[in-house]
Amino acid sequence: MPALHSLDASCNALESTAGLHLCPALALAALEENRIQDLAALQHLQPLSNLLVLDLSGNPVTELESYRLEVLYPLLTNGVSLNTLDQLPCLAEEKVAALNKHGAADEELAEIREKYFPTEEAQQERLRRQKSVVALQSSYRGFSGRKMVKQEHSAQSESAIAIQARIRGRKDRQSVVSLYEVPAAMVA
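Residues numbered from 1 in each chain as written. Predicted model: local features only at pLDDT ≥ 70, side-chain atom pairs only at ≥ 80, totals over all residues. Heavy atoms only, no water.

A. The sheet that holds strand β1 (residues 6–8), seen in detail. Reading across the sheet, the five strands line up as β1-β2-β3-β4-β5 and stay open at both edges, with mixed pairing between neighbours. Edge strands, defined here as strands with exactly one partner in the open sheet, are β1 and β5 (88–89). (Pairing = 2+ DSSP bridges. Helix = DSSP H or I, 4+ residues; strand = E, 2+ residues; numbered from the N terminus.)

Next up, the structure:
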């Protein structure tokens, strides 16, 4: 099931997430009201880098102390950027707390701080890059717009020239015919 995007396996007496690692595109996993009792049963979620929403509410595992931090830590360290856990948003502070609790490396924490709590300089740099991208896009749009107008104008010019040539051709043929026509007065 590599293309499976969302899964609702609620109320199915599941005790593990085994097999979900075979669904790399999974973005939403609704697993509430099952029998998942410990964190080890959730290890199969770690390779799911597209996972954004996870609902484990109503499972015995949710009663563990620091449950949310314990679920977030292995997911974060494996590149899963969960947005919602049990229908509640996963805040940046909560993600940092999960990494701090488990002694994440200073480099990882610095990366998270930079991503979620950028300095004023980093924000200015990001805005500058966005403005330059917008400028490039608008100049390309202007170029492509001018190119389309030029192509339309060229096509209109070609059709006008063709019409003029046809009209000129008729006039030329008429004048040639009139040269060879003998006036009626001369025939008599």
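Still more ground to cover, so stick around.
B. Structural detail: helix α2 (residues 92–101). For α2, the complete set of buried residues consists of A92, E94, K95, V96, A98 and L99. Immediately beyond the C-terminal end of α2, within one or two residues, lies G103, with a positive phi of roughly 70°. (Buried < 20%, exposed > 50% of the residue type's maximum accessible area, 1.4 Å probe, protein only.)

C. Just the pattern of salt bridges, in detail. Enumeration over the complete set of coordinates arrives at four salt bridges. Among the ionic pairs, R129 bridges to E125, the shortest N-O distance being 3.6 Å. Of this pair, R129 and E125 are both found in helix α4 (residues 120–180), four residues apart, which corresponds to roughly one turn of the helix. Relative accessible area serves as the criterion here: at 46%, R129 is assigned to the partly exposed category. Linked through salt bridges whose partners overlap, the residues forming this network are E125, R128 and R129. (Salt bridge = Lys/Arg side-chain N within 4 Å of Asp/Glu carboxyl O.)

D. Just the nonpolar core, in detail. In this structure, L45, L51, L54 and L82 are the most contacted members of the largest nonpolar core, which totals 25 residues. Excluding residues within four positions of it along the chain, L54 makes contact with A29, L31, L45, V71, L75, L82, T84, L85 and D86. (Core = buried A, V, L, I, M, F, W, Y, C linked by side-chain atoms within 4.5 Å. Contact = heavy atoms within 4.5 Å.)

E. A look at the packing of helix α1 (residues 67–77) against α2. For the pair α1 and α2, the least separation of the axes is 8 Å and the interaxial angle reads 85°. Our classification of the angle between α1 and α2 gives roughly perpendicular. The segment α1 lies against α2, with R68, L69, E70, L72, Y73, L76 and T77 engaging E94, K95, A97, A98, L99 and K101. Residues belonging to the contact of α1 with α2 are distributed by class as follows: seven nonpolar, one polar and five charged. (Axes fitted to C-alpha atoms, helices over the stretch in contact; angles between N-to-C directions. Parallel < 35°, antiparallel > 145°, perpendicular 65-115°, else oblique. Nonpolar A, V, L, I, M, F, W, Y, C, P; charged D, E, K, R; others polar.)

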